[in-house]
Amino acid sequence: MTARLLEGKVFAAKIREEAGKKAAEIKEKYGVTPGLAVIIVGENPASQVYVRNKHKACTELGFYSEGVEMPENTTREELLAEISRLNNDPKIHGILVQLPLPKALQPYESEVLEAIDPLKDVDGFHPVNVGRLVTGQKALVPCTPHGCIRMLELADIPMEGAKAVVIGRSNIVGKPMLHLLLGRNATVTICHSRTKNLAEVVKDADIVVAAVGKPRFVTADMIKPGATVIDVGINRIAPKKLVGDVDFEAVKEVAGAITPVPGGVGLLTIAMLMQNTVDAAELQLSK
Ligand code: NAD
């Protein structure tokens, strides 16, 4: 059996189209263009690429976009002051602080993320948004798991009553994924580094989400025939070779549907950031 390929570009295009439509509705209703500000501190080359891609996505959808570049030696006070300025700027509906912060600012990471107005928190990392997600309220949800759940919906993968296993319990991927699946009435199990008999637990799942950060960790013998396998992992195993957390070549012969790496979940994250920005704009404007 060869699995249905869930290609990120197909779903990312759909999510961008939805975000563009919603932005047009907001413009029509309130006369406002959704705006995103991305703060980058220091000169991490990988972060600079992400920030450029985010700006490009904003421009393509006609959003207002502001890149705030701050030097490596920025102080906690200067960064908090910049966040406060953006919290009070009506042109800005979404604020994102690109992580990781330079070493000297890392002890203040939680304080920095909590300084963002929860209504502008398009990364969904603020405890208010985490709490809202956990309690089943409307929330801004971290982009990667939000993209995964939207892809499952758009691909018509049944979630209600399905057994789902999420491997990984990070605050950015694993935990929000658990709550998103629960919100779609799946029966969800979360596995992590201390889980016993992980292979047996995964083998029982109709939907597997792998967010471990270990190359080809999920093997074909762990997968129930016909299951849907979502691979969030991005692992560089050679200078020009990226692989996921799933042994794609073997698992695609057993699974019913599978995301590739590269070309899968990674493409959904920025599309979802655009969606979160219009959602944030709507939340603020409807107040
Ligand atoms: P993380 O390191 O914060 O968390 C990894 C999780 O895996 C932990 O909860 C840990 O308990 C679990 N784990 C580690 N070893 C395990 C084992 N042997 N058995 C079971 N569980 C184990 O990572 P993260 O930020 O959640 O990211 C996970 C992967 O997803 C990484 O490869 C990362 O690069 C990728 N990622 C991709 C995107 C994207 O846009 N596609 C976004 C975020 C993260």
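Residues numbered from 1 in each chain as written. Predicted model: local features only at pLDDT ≥ 70, side-chain atom pairs only at ≥ 80, totals over all residues. Heavy atoms only, no water.

Thoughts on the side chain of Gln98
Argument step 1. Summarising the element assignment, Gln98 is placed in the loop between strand 4 (94-97) and helix 4 (109-115).
Argument step 2. Not counting residues up to four positions away in its chain, the partners in contact with Gln98 are Val38, Ile39, Ile40, Ser47, Tyr50, Val51 and Lys54. (Helix = DSSP H or I, 4+ residues; strand = E, 2+ residues; numbered from the N terminus. Contact = heavy atoms within 4.5 Å.)

Notes on the sheet that holds strand 1 (residues 4-5)
Argument step 1. Taken together, the six strands give an open sheet; going across it, the order is 1-11-8-7-5-6, and neighbouring strands pair in parallel fashion. If you trace the sheet from one side to the other, it starts and ends with strand 1 and strand 6 (187-191), each paired once.
Argument step 2. Contacting strand 5 (163-167), strand 6 and strand 7 (207-210), helix 7 (residues 174-183) runs over the sheet at an angle of about 170° to strand 6. (Pairing = 2+ DSSP bridges. Axes fitted to C-alpha atoms, helices over the stretch in contact; angles between N-to-C directions.)

Quick look at the site of the ligand
Argument step 1. Contacts to the ligand come from 21 residues, most closely from Arg169, Ser170, His192, Ile234 and Thr269.
Argument step 2. Interatomic distance of 2.5 Å between a side-chain N/O atom of Ser170 and an oxygen atom of the ligand.
Argument step 3. Within the backbone of Val232, a nitrogen or oxygen atom sits 3.4 Å from an oxygen atom of the ligand.
Argument step 4. Considering only residue class, the shell around the ligand consists of nine nonpolar, 10 polar and two charged. (Near = heavy atom within 4 Å. Polar contact = N/O pair within 3.5 Å; in protein donor to acceptor, adjacent residues only side chain to side chain. Nonpolar A, V, L, I, M, F, W, Y, C, P; charged D, E, K, R; others polar.)

Details of the pairing of strand 5
Argument step 1. Summarising burial for strand 5: four of the five residues are buried, a large majority.
Argument step 2. Pairing analysis gives five bridges linking strand 5 to strand 6, with the strands arranged parallel. Counted as the bridge partner of Val166 is Ile190 from strand 6.
Argument step 3. Crossover handedness for the path strand 5 to helix 7 to strand 6: right-handed.
Argument step 4. Sheet topology places strand 5 next to strand 7; four bridges connect them, and they run parallel. Each bridged residue has a counterpart across the sheet, and for Val166 the counterpart in strand 7 is Val209. (Buried < 20%, exposed > 50% of the residue type's maximum accessible area, 1.4 Å probe, protein only. Right-handed = clockwise from strand over helix to strand, strands pointing away.)

Description of helix 2 (residues 45-60)
Argument step 1. If you check helix 2, its first and last C-alpha atoms are 23 Å apart, about what 16 residues at 1.5 Å a residue would give, namely 22 Å.
Argument step 2. All of the buried residues along helix 2 are Ser47, Val51, Lys54, Ala57 and Cys58. Projected onto a plane normal to the axis of helix 2, the buried residues spread over an arc of 120° and lie on a single side. Structural note: helix 2 exposes Pro45, Arg52, Lys56 and Glu60 on the side pointing more than 90 degrees away from its buried face. (Expected span 1.5 Å × (residues − 1). Arc of directions from axis to C-beta.)

Observations concerning the pattern of salt bridges
Argument step 1. Scanning the entire structure with this criterion turns up 18 salt bridges.
Argument step 2. Here Glu153 ties to Arg150 by a salt bridge, and the two come within 2.8 Å at their closest N and O atoms. Taken as a pair, Glu153 and Arg150 lie in helix 6 (residues 143-154) at a separation of three residues, close to a single helical turn.
Argument step 3. According to the relative accessible area criterion, Glu153 is partly exposed, its value standing at 28%.
Argument step 4. Taking relative accessible area as the criterion, Arg150 reaches 22% and is therefore assigned partly exposed.
Argument step 5. When salt bridges with common partners are traced through the structure, they connect Glu18, Arg150, Glu153 and Arg184 into a single cluster. (Salt bridge = Lys/Arg side-chain N within 4 Å of Asp/Glu carboxyl O.)

Examining the pairing of strand 2 (residues 35-41)
Argument step 1. Taken across its seven residues, strand 2 has seven buried, putting it largely inside the fold.
Argument step 2. Alternating positions in strand 2 separate into two faces, Gly35, Ala37, Ile39 and Val41 on one and Leu36, Val38 and Ile40 on the other, with burial throughout.
Argument step 3. Sheet topology note: the strand 2/strand 3 (residues 64-70) ladder contains seven bridges and is parallel. For Val41, the partnering residue across the bridge sits in strand 3 and is Met70.
Argument step 4. The pairing of strand 2 with strand 4 spans four bridges and is parallel. When the bridges of strand 4 are listed, Val38 appears paired with Leu96.

Quick look at the nonpolar core
Argument step 1. Ranked by internal contacts, the top residues of the largest apolar core, which has 54 residues, are Leu181 and Ile230.
Argument step 2. At nine residues, helix 10 (residues 268-285) tops the list of elements feeding residues into this core.
Argument step 3. Residues lining this core come from more than one domain, with at least three contributed by each of domain 1 (30-119) and domain 2 (142-265).
Argument step 4. Setting aside residues no more than four positions away along its own chain, Leu181 makes contact with Ile149, Leu152, Met159, Ala164, Val166, Ala186, Val188 and Val209.
Argument step 5. Counting 19 residues, the second-largest nonpolar core is a separate cluster that includes Ile167, Ala210, Ala255 and Ile258. (Core = buried A, V, L, I, M, F, W, Y, C linked by side-chain atoms within 4.5 Å. Domains from an automatic or database assignment.)

Quick look at the domain arrangement of the chain
Argument step 1. Examined at the domain level, the chain breaks down into domain 1 (30-119) and domain 2 (142-265).
Argument step 2. Taking only C-alpha atoms into account, the centre of domain 1 sits 29 Å from that of domain 2.

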